[in-house]
Amino acid sequence: MTVAIEPTAPTAELTALPRQLPADSARSLPMLDAVVEVLRTAGEDVHVVYSAHGDVFKIVPRSDGD
């Protein structure tokens, strides 16, 4: 299954994007890359972090300290 995310998605659609995906899925990384690209294009300063609690990748805002 291929997921296409339009980089010019309306703001309402951006809130529907997944903000965390399972780390054990081979499809998670390409999906995370696509979601992060869309969010950054929309002006959000985000990055991906791994959470061992739950074994998930999460898309989170960058803090000023990063």
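Up top is the structure.
A count of helical and extended segments in the protein chain gives two helices and three strands. Mapped in sequence order, the helices and strands of the protein chain form the string α-β-α-β-β. Pairs at least 24 residues apart make up 45% of the contacts formed inside the protein chain by residues separated by at least 6 positions. Per element, the accessible surface of the protein chain, about 4,600 Å² overall, is 54% carbon and sulfur.

Before going further, it helps to spend a moment on helix H2 (residues 28-41). In a regular helix each residue adds 1.5 Å, so 14 residues correspond to 20 Å; H2 covers 20 Å between its end C-alpha atoms and thus fits that length. Among the residues of H2, those classed as buried are Ser 28, Leu 32, Val 35, Val 36, Val 38 and Leu 39. The arc enclosing the buried residues of H2, seen along the axis, measures out at 160°, which places them on a common side. Along H2, exposed side chains directed more than 90 degrees from the buried face belong to Asp 33 and Thr 41. Trailing H2 by a residue or two, Gly 43 shows a phi angle of about 100°, which is positive.

Below, the discussion takes up the packing of aromatic side chains. By convention here, two paired aromatic rings are described through the distance between centres and the angle between planes. In the structure shown here, the tally under the stated rule is one aromatic pair. Relative to Phe 57, the ring of Tyr 50 has its centre 5.7 Å away and its plane inclined at 65°; by these criteria the two rings are edge-to-face. For Tyr 50, a relative accessible area of 46% corresponds to the partly exposed category.

Judged by pairing direction, the sheet is antiparallel, and its three strands sit side by side in the order E1-E3-E2 without closing on themselves. The open sheet terminates on both sides in strands that have one partner only, identified here as strand E1 (20-22) and strand E2 (46-51). Within the sheet, the average angular offset between the axes of one strand and its neighbour, ignoring direction, is 25°. Alignment of E1 against strand E3 (residues 56-61), held across three bridges, turns out to be antiparallel. By the bridge assignment, Pro 22 is partnered in E3 with Val 56.

Using the criterion set out here, one finds two salt bridges in the structure. Where Glu 44 meets Arg 19, a salt bridge forms, and the shortest distance between an N and an O atom there is 3.4 Å. Of this pair, Glu 44 sits in the loop between H2 and E2 while Arg 19 sits in the loop between helix H1 (11-14) and E1; the two residues are 25 residues apart in sequence, bridging distant segments of the chain. Under the relative-accessibility criterion, Arg 19 is labelled partly exposed at 32%. Put simply, Asp 45 and Arg 62 hold a salt bridge, and the shortest N to O gap is 3.3 Å. One end of the pair, Asp 45, is in the loop between H2 and E2; the other, Arg 62, is in the segment after E3, with 17 residues separating them in the sequence. A relative accessible area of 48% places Asp 45 in the partly exposed class. Here Arg 62 falls in the partly exposed class, since its relative accessible area comes to 36%.

Parameters and conventions
- Residues numbered from 1 in each chain as written.
- Predicted model: local features only at pLDDT ≥ 70, side-chain atom pairs only at ≥ 80, totals over all residues.
- Heavy atoms only, no water.
- Helix = DSSP H or I, 4+ residues; strand = E, 2+ residues; numbered from the N terminus.
- Contact = heavy atoms within 4.5 Å.
- Areas by Shrake-Rupley, 256 points an atom, 1.4 Å probe, with all protein chains shown as cover.
- Expected span 1.5 Å × (residues − 1).
- Buried < 20%, exposed > 50% of the residue type's maximum accessible area, 1.4 Å probe, protein only.
- Arc of directions from axis to C-beta.
- Phe/Tyr/Trp six-rings, centres within 6.5 Å; stacked < 30°, edge-to-face > 60°.
- Pairing = 2+ DSSP bridges.
- Axes fitted to C-alpha atoms, helices over the stretch in contact; angles between N-to-C directions.
- Salt bridge = Lys/Arg side-chain N within 4 Å of Asp/Glu carboxyl O.

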